Amino acid sequence: MGDIADDKPVLYSYWRSSCSWRVRIALNLKEIPYDIKAVSLIKGGGEQHCNEYREVNPMEQVPSLVIDGHTLIESLSIMHYLEETRPQRPLMPQDCFKRAKVREICEIIASSIQPLQNLIVLIYVGEDKKKEWAQHWIMRGFRAIEKLLSTCAGKYCVGDEITLADCCLVPQVFNARRFHVDLRPFPIILRIDRELENHPAFRAAHPSSQPDCPPEVAK
């Protein structure tokens, strides 16, 4: 990459944000050193809403990644940029059909599951209904993913190599457990999650390993 890669990337991240977590996994898998600038989504009503951070990310969300002299937002866009600019240790298959399957799984999680159980949505839904709401949308998405995995999974989501689909799936399984979703109907999802839970890149990206993780949660 030449000189532009010499400055260490900075990831604006929140320890429990699954969108930030996806990007942390991808950075780790590609062995890209980076610094974390923590953005609390709850402190003072949410640091993501302050004027300073709005200049970084006009959507007032995490993650944002400063890399190669650019500021990038939206986790899938960030991960594809990493894939295109740092193709070594690839996270997308060479085969066009397999690439499409990776994108399908990523899109279901990033578009049809995660936004519907995001903090801002749950606050709007209200305390009494938020668990039932989150469980409904997670299970709906997981039923679709489980069906897709039945035809495309190998050791991991798509074949036997780790892809961006795995980067998205593992944090979403964590979210499902947070909302006490019954995961027994999803044996392939559970198997892939178990396969990856002790992978060094995934462990290092885990919420409990983050610098802004509360001490009572950190392992």
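First, a word on what this report is: a plain description of the structure on this page. Fair warning: this is a prediction, and the values are worked out from it, not measured in the lab. Residue indices begin from 1 for each chain and proceed along its sequence in written order. Two thresholds apply to this predicted model, a pLDDT of at least 70 for residue-level local features and 80 or more for giving and counting side-chain atom pairs, whereas whole-chain, interface and lining totals are computed over all residues. With hydrogens and water stripped out, all remaining heavy atoms of the structure feed into the side-chain values.

## Some points on the nonpolar core
Moving on, step 1. In terms of nonpolar packing, the biggest core is built from 58 residues, with Ile105, Phe142, Ile145 and Leu149 touching the most fellow members.
Moving on, step 2. Per-domain counts for this core show at least three residues from each of domain 1 (10–88) and domain 2 (96–203).
Moving on, step 3. Ile145 has contacts with Ile108, Ile109, Ile113, Leu169 and Ile189, leaving out every residue within four places of it along the chain.
Moving on, step 4. Buried Ala, Val, Leu, Ile, Met, Phe, Trp, Tyr and Cys residues that are joined via side-chain atoms within 4.5 Å together make up what is termed a nonpolar core. Buried, partly exposed and exposed residues are distinguished by accessible area as a fraction of the type maximum, computed with a 1.4 Å probe on protein chains only: under 20%, between the cut-offs, and over 50%, respectively. Membership of the second largest hydrophobic core comes to nine residues, among which are Trp15, Val39, Tyr53 and Val62. The start and end points of each domain follow an automatic or database-based domain assignment. The criterion used for residue contact is that any of the two residues' heavy atoms lie within 4.5 Å.

## Concerning the pairing of strand β1 (residues 10–13)
Moving on, step 1. Being paired, for any two strands, means DSSP has found at least two bridges between them. Note on conventions: DSSP H or I runs of at least 4 residues are helices, E runs of at least 2 residues are strands, and numbering of each starts at the N terminus. With four bridges joining them, β1 and strand β2 (residues 35–38) adopt parallel strand pairing. What sits directly across from Leu11, in β2, is Ile36.
Moving on, step 2. Direction of pairing for β1 relative to strand β3 (residues 64–67): antiparallel, over a ladder of three bridges. If you follow Tyr12 over to β3, its bridge partner there is Ser64.

## Side note on the sheet that holds β1
Moving on, step 1. In spatial order, the strands read β2-β1-β3-β4; together these four strands make up an open sheet with mixed pairing. The open sheet has two edge strands with one neighbour each: β2 and β4 (70–73). Ignoring strand direction, the axes of neighbouring strands in this sheet form an average angle of 20°.
Moving on, step 2. To obtain each axis, a line is fitted to C-alpha atoms, and for helices this fit is confined to the stretch in contact; angles are then taken between N-to-C directions over 0 to 180 degrees. Along the sheet face, helix α1 (residues 18–29) touches β1, β2 and β3 and points at about 155° away from the line of β1.
Moving on, step 3. The sheet strands contacting helix α3 (residues 75–85) are β3 and β4, and the helix crosses β4 at an angle near 130°.

## What to know about α3
Moving on, step 1. Counted residue by residue, α3 has eight buried out of 11 residues, so it is predominantly covered.
Moving on, step 2. If you check which residues of α3 are buried, you get Ser75, Leu76, Ile78, Met79, Tyr81, Leu82, Glu83 and Thr85.
Moving on, step 3. Packed against the buried residues of α3 are α1, β3, β4, α4 (96–113) and α7 (164–178).

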